[in-house]
Amino acid sequence: MDYDCLVIGGGPAGLTAAIYLTRFHLSLKVVDSGKSRANWIPCTHNHAGFPGGISGKDLLARMREQARMYGAAIETARVTRLEHVEGGFQAEWGSGPVRARSVLLATGVTNRRPPMDEDLHDEALAKGLIRYCPVCDGYEVTDKKVGVIGSGSHGVAEAVFIRGFTEDITLIAPDKAHDLSAEDKAKMEEFGIHCVNGPCQAVAAEGECITLDTPDGHYTFDSVYPALGSDTHTELAEQVGAVISSTTECVVVDDHQRTSVPGLYAAGDVVIGLDQISHAMGEGGVAATTIRNDLAKQKRIVREALQKNVG
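Residues numbered from 1 in each chain as written. Predicted model: local features only at pLDDT ≥ 70, side-chain atom pairs only at ≥ 80, totals over all residues. Heavy atoms only, no water.

K.L.:
Help me understand the overall build of the protein, please; the structure alone is not making it clear to me.
P.N.:
Helix and strand counts for the protein come out as eight helices and 16 strands. Taken along the three principal axes of its C-alpha coordinates, the protein extends 85 × 40 × 35 Å. Buried positions account for 48% of the 311 residues belonging to the protein. In the protein, the proportion of contacts linking residues at least 24 apart, taken out of those at least 6 apart, comes to 58%. A gap of 11 Å separates the mean positions of the 29 positive and 42 negative side-chain charges of the protein. (Helix = DSSP H or I, 4+ residues; strand = E, 2+ residues; numbered from the N terminus. Buried < 20%, exposed > 50% of the residue type's maximum accessible area, 1.4 Å probe, protein only. Contact = heavy atoms within 4.5 Å. Lys, Arg positive; Asp, Glu negative; His and termini not counted. Charge placed at Lys NZ, Arg CZ, Asp CG, Glu CD.)

K.L.:
Sorry, what's going on with the packing of aromatic side chains here?
P.N.:
Any two aromatic rings considered together are summarised by their centre-to-centre distance and by the angle between their planes. The final tally for this structure, using the stated rule, is four aromatic pairs. Measuring from centroid to centroid gives 6.4 Å for tyrosine 20 and phenylalanine 24, while their planes differ by 80°, and the two rings are edge-to-face. By relative accessible area, which is 26% here, phenylalanine 24 ends up partly exposed. Over the ring of tyrosine 70 we find arginine 23; its NZ or CZ atom is 4.9 Å from the centre of that ring. (Phe/Tyr/Trp six-rings, centres within 6.5 Å; stacked < 30°, edge-to-face > 60°. Lys NZ or Arg CZ within 6 Å of the ring centre and 35° of its normal.)

K.L.:
Any chance you could explain helix H8 (residues 277-298) here in plain terms?
P.N.:
Think of an α-helix as 3.6 residues a turn; residues three or four steps apart then line up on the same face. Helix length check: H8, at 22 residues, gives a terminal C-alpha distance of 32 Å against a target of 32 Å (1.5 Å per residue), a fit within 8%. Tucked inside the fold, the buried residues of H8 contact strand E1 (3-8), helix H1 (12-23), helix H2 (56-69), strand E6 (96-105) and strand E16 (264-266). (Expected span 1.5 Å × (residues − 1).)

K.L.:
So what exactly am I meant to see when it comes to the pairing of strand E11 (residues 201-206) here?
P.N.:
Regular strands show a simple pattern: their side chains alternate between the two faces of the sheet. Where E11 lies against strand E12 (residues 209-214), five bridges are found, and the strand directions are antiparallel. Of the residues in E12, the one forming a bridge with alanine 202 is leucine 212. In this antiparallel pair of consecutive strands, E11 and E12, the connection spans two residues, and glycine 207 shows a positive phi of 60°. (Pairing = 2+ DSSP bridges.)

K.L.:
How should the sheet that holds strand E9 (residues 169-172) be read in this particular structure?
P.N.:
As summarised here, the arrangement of the four strands in space is E10-E9-E8-E14, forming an open sheet in which the pairing is parallel. Edge positions in the sheet fall to strand E10 (194-196) and strand E14 (223-226), since each of these pairs with one other strand and no more. Neighbour-to-neighbour, the strand axes of this sheet turn through a mean angle of 25°, independent of strand direction. Across three bridges, the pairing between E9 and E10 is parallel. Within E10, the position partnered with threonine 170 by the bridge is histidine 194. (Axes fitted to C-alpha atoms, helices over the stretch in contact; angles between N-to-C directions.)

K.L.:
What exactly am I supposed to notice about H2 here?
P.N.:
The terminal C-alpha atoms of H2, which comprises 14 residues, lie 20 Å apart, in line with the 20 Å expected from a rise of 1.5 Å per residue. Within H2 the residues assigned to the buried category are Gly56, Leu59, Leu60, Met63 and Ala67. Along the long axis of H2, the arc covered by the buried residues comes to 95°, so they all point the same way. Of the exposed residues in H2, the ones pointing more than 90 degrees away from its buried face are Lys57, Arg62, Glu65 and Met69. Considering only its buried residues, H2 is in contact with H1, strand E3 (73-76) and H8. (Arc of directions from axis to C-beta.)

K.L.:
Even after reading the chapter, I still don't get the pattern of salt bridges, so can you show me in this structure?
P.N.:
When charged atoms on two side chains of opposite charge get close, those side chains can pair. Scanning all chains against the criterion turns up twelve salt bridges. Glutamate 75 serves as the salt-bridge partner of lysine 29, at 3.1 Å between the closest nitrogen and oxygen. Of this pair, lysine 29 sits in strand E2 (residues 28-32) while glutamate 75 sits in strand E3; the two residues are 46 residues apart in sequence, bridging distant segments of the chain. We note a salt bridge from arginine 258 to aspartate 254, for which the minimum N-O separation is 3.3 Å. (Salt bridge = Lys/Arg side-chain N within 4 Å of Asp/Glu carboxyl O.)

K.L.:
Explanation requested: the sheet that holds strand E13 (residues 217-221) in the structure shown.
P.N.:
Strands belonging to one sheet form pairs held by backbone hydrogen bonds; the direction of such a pair is parallel or antiparallel. On the basis of which strands lie adjacent, the open sheet formed by three strands has the order E11-E12-E13 and antiparallel pairing. The sheet is open, and its two borders are formed by E11 and E13, each paired with just one other strand. Direction aside, the axes of adjacent strands within the sheet are offset by 25° on average. Here helix H3 (residues 118-127) sits on the sheet and contacts E11 and E12; the angle it forms with E11, its principal contact strand, is near 55°.

As structure tokens, this is what we get:
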């Protein structure tokens, strides 16, 4: 085996695990495709320890520096294949096959973007005109005019959640007219949420406002939340036969982040959870400790005293 553990994914979960594992004196490789959603965050204000806020890129850079300080090797690449081999797993990416006794999947998810030009999306995201997580940054839209792009129970639930921060909310269907149940319509009325049919498209992000075009005309908001769901990156877990939940489409793990495949672990957004940095970091720490203890059951982990030369 080339490593005790291969960590696939360099977001908050994977890098936290890397810090733990290297401090357990285990050999480690992190392979990261550079697609962590944390990179999108212009500035997070609810991550403990940073009262002035910190950008996702800066947070990840600090975590990579910390992991490398203790000996973690971090490579930018996308793992395309994972398979069982005797004694562990073999992973493949551009640099060729690598073998490890254990693997931690921290591959995360990708948010589905609203219908709009890619450059406009990135500009609006950087300005806080598009936001993806009201749990993270709902406070920042307090008493502002907010649009939610979504429909059905998921869209209604997000709009109702944001209602705790502002009273001015409009739910806009992404691609056609709303098809809401009687229960959802009742919730919309109860919480005073305006409803607009689609299709919609973002057409401008000027100054401190973003404008959406709909069949009913233009609507301008201080911020827009896409509530379009996400795609979980479970491909590698499926290649080695790990159980994937049919309802959440996430990798199924036990209380210690073990998957159904011995030696394979998962943490962060690829596992059902809060989609929060702090939660992902906690799972990374749990996973790393479990990996260390499980490996110790296979082969003792003991520190040998350094031999001094006698002159």
